[in-house]
Amino acid sequence: MPINFDKALGVHQHALTLRAQRSEILAANIANVDTPNYKARDIDFEAALSKATGSNETSPVHLKRTAGNHINGNVSASGSSLQAELMYRMPQQSSLDGNTVEAHRENAAFTENALLYQTSLQFLGGKFKGLKAAITGGR
C-alpha cells in the first residue's frame, strides 16, 4: 500500500513554503526601511494557504485545459502553485519621504513568521517520526 505524503504531512508542507516566501518579503521590507518611496508589501498567509491546499471553495473561476499545450491555470508564472499574491501594506503613520515601512511592525511580523515556520518544522518532524515508526514497526 503506497503512502500518500500529501495526506500524511497535512498542511505543513504548504505552510513551510509560504512562510519562507513571507520571510523574504518581510526581510526586504526591513532592508528598505530607509529607502525613500519604498512601499511595504506582504501576503495574506491564510488566503494563500487555503488556495494552496484547495480548501478555497469560493473560487469563481475554474480553468479547463482543452489541449495538452495550453497553459495550466493553476500554476503561477514562476511555475509554483504556491505563489501568494503580493499586496501593499497600509501604514498606520506614513513617513514624509513616502516610505510605508514601519520597522516595529515589520520586526514583529518577521519574528512571528519565524516562530510559526519553526512550529511547522516541528510538526513535520513529528509526522516523519511517526511515518518512520510505522514503516519500521517501531524499531
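In this report, we go over the structure that sits alongside the text. (Residues numbered from 1 in each chain as written. Predicted model: local features only at pLDDT ≥ 70, side-chain atom pairs only at ≥ 80, totals over all residues. Heavy atoms only, no water.)

### What about the overall build of the chain?
Line of reasoning, step 1. The helix and strand inventory of the chain stands at four helices and two strands.
Line of reasoning, step 2. N-terminal to C-terminal, the α/β element order of the chain is α-α-β-α-β-α.
Line of reasoning, step 3. Every one of the 139 residues in the chain was classed for burial, and the buried ones make up 24%.
Line of reasoning, step 4. Residue pairs at least 24 apart in sequence account for 77% of intrachain contacts in the chain once pairs closer than 6 positions are excluded.
Line of reasoning, step 5. When the accessible surface of the chain is split by element, carbon and sulfur atoms take 56% of a total near 9800 Å². (Helix = DSSP H or I, 4+ residues; strand = E, 2+ residues; numbered from the N terminus. Buried < 20%, exposed > 50% of the residue type's maximum accessible area, 1.4 Å probe, protein only. Contact = heavy atoms within 4.5 Å. Areas by Shrake-Rupley, 256 points an atom, 1.4 Å probe, with all protein chains shown as cover.)

### Things to note about a negative patch on the surface
Line of reasoning, step 1. Negative charge collects at one region of the surface, where Asp 44, Glu 46, Glu 85 and Glu 112 lie side by side.
Line of reasoning, step 2. Structurally, Glu 112 can be placed in helix 4 (residues 103-136).
Line of reasoning, step 3. Classification of Glu 112 by relative accessible area gives partly exposed; the value is 46%. (Patch = residues over 30% accessible without salt bridge, like charges linked within 9 Å, V, L, I, M, F, W, Y side chains within 5 Å. Salt bridge = Lys/Arg side-chain N within 4 Å of Asp/Glu carboxyl O. Lys, Arg positive; Asp, Glu negative; His and termini not counted. Charge placed at Lys NZ, Arg CZ, Asp CG, Glu CD.)

### Comments concerning the packing of aromatic side chains
Line of reasoning, step 1. Overall, the coordinates contain zero aromatic pairs when judged by the stated rule.
Line of reasoning, step 2. Positioned above the aromatic ring of Phe 45, the side-chain terminus of Arg 19 is 3.6 Å from the ring centre.
Line of reasoning, step 3. The ring of Tyr 88 has Arg 41 lying over it, and the distance from NZ or CZ to the ring centre is 4.3 Å. (Phe/Tyr/Trp six-rings, centres within 6.5 Å; stacked < 30°, edge-to-face > 60°. Lys NZ or Arg CZ within 6 Å of the ring centre and 35° of its normal.)

### Quick look at the nonpolar core
Line of reasoning, step 1. In terms of nonpolar packing, the biggest core is built from eight residues, these being Ala 15, Leu 18, Ile 25, Ile 43, Phe 45, Ala 48, Leu 49 and Ala 84.
Line of reasoning, step 2. Filtering out sequence-adjacent residues up to four positions away, Ile 25 remains in contact with Arg 41, Asp 42, Ile 43 and Leu 86. (Core = buried A, V, L, I, M, F, W, Y, C linked by side-chain atoms within 4.5 Å.)

### So, the pattern of salt bridges
Line of reasoning, step 1. Going through the model one piece at a time under the given rule, you end up with four salt bridges.
Line of reasoning, step 2. In this structure, Arg 89 and Glu 106 form a salt bridge, with 2.8 Å as the shortest nitrogen-oxygen distance. Of this pair, Arg 89 sits in the loop between strand 2 (86-88) and helix 4 while Glu 106 sits in helix 4; the two residues are 17 residues apart in sequence, bridging distant segments of the chain.
Line of reasoning, step 3. Between Glu 102 and Arg 105 there is a salt bridge, and its shortest N-O distance comes to 2.8 Å.
Line of reasoning, step 4. A relative accessible area of 27% means that Arg 105 is categorised as partly exposed.
Line of reasoning, step 5. Overlapping salt bridges, with partners in common, bring together Arg 22, Asp 42, Arg 89 and Glu 106 in one network.

### Comments concerning the packing of helix 2 (residues 12-31) against helix 4
Line of reasoning, step 1. One can describe the packing of helix 2 onto helix 4 by two numbers: an axis separation of 9 Å at closest approach and a directional angle of 160 degrees. The angle between helix 2 and helix 4 falls in the class roughly antiparallel. Here helix 2 runs over helix 4; the crossing is left-handed. In this structure, helix 2 uses His 12, Gln 13, Ala 15, Leu 16, Arg 19, Ala 20, Arg 22, Ser 23, Leu 26, Ala 27, Asn 29 and Ile 30 to contact helix 4, whose residues at the interface are Glu 106, Asn 107, Ala 109, Phe 110, Asn 113, Leu 116, Tyr 117, Ser 120, Leu 121, Phe 123 and Leu 124.
Line of reasoning, step 2. Of the residues assigned to the contact of helix 2 with helix 4, the class counts are 13 nonpolar, seven polar and three charged. (Axes fitted to C-alpha atoms, helices over the stretch in contact; angles between N-to-C directions. Parallel < 35°, antiparallel > 145°, perpendicular 65-115°, else oblique. Left-handed = near helix turned anticlockwise from the far one by under 90°. Nonpolar A, V, L, I, M, F, W, Y, C, P; charged D, E, K, R; others polar.)

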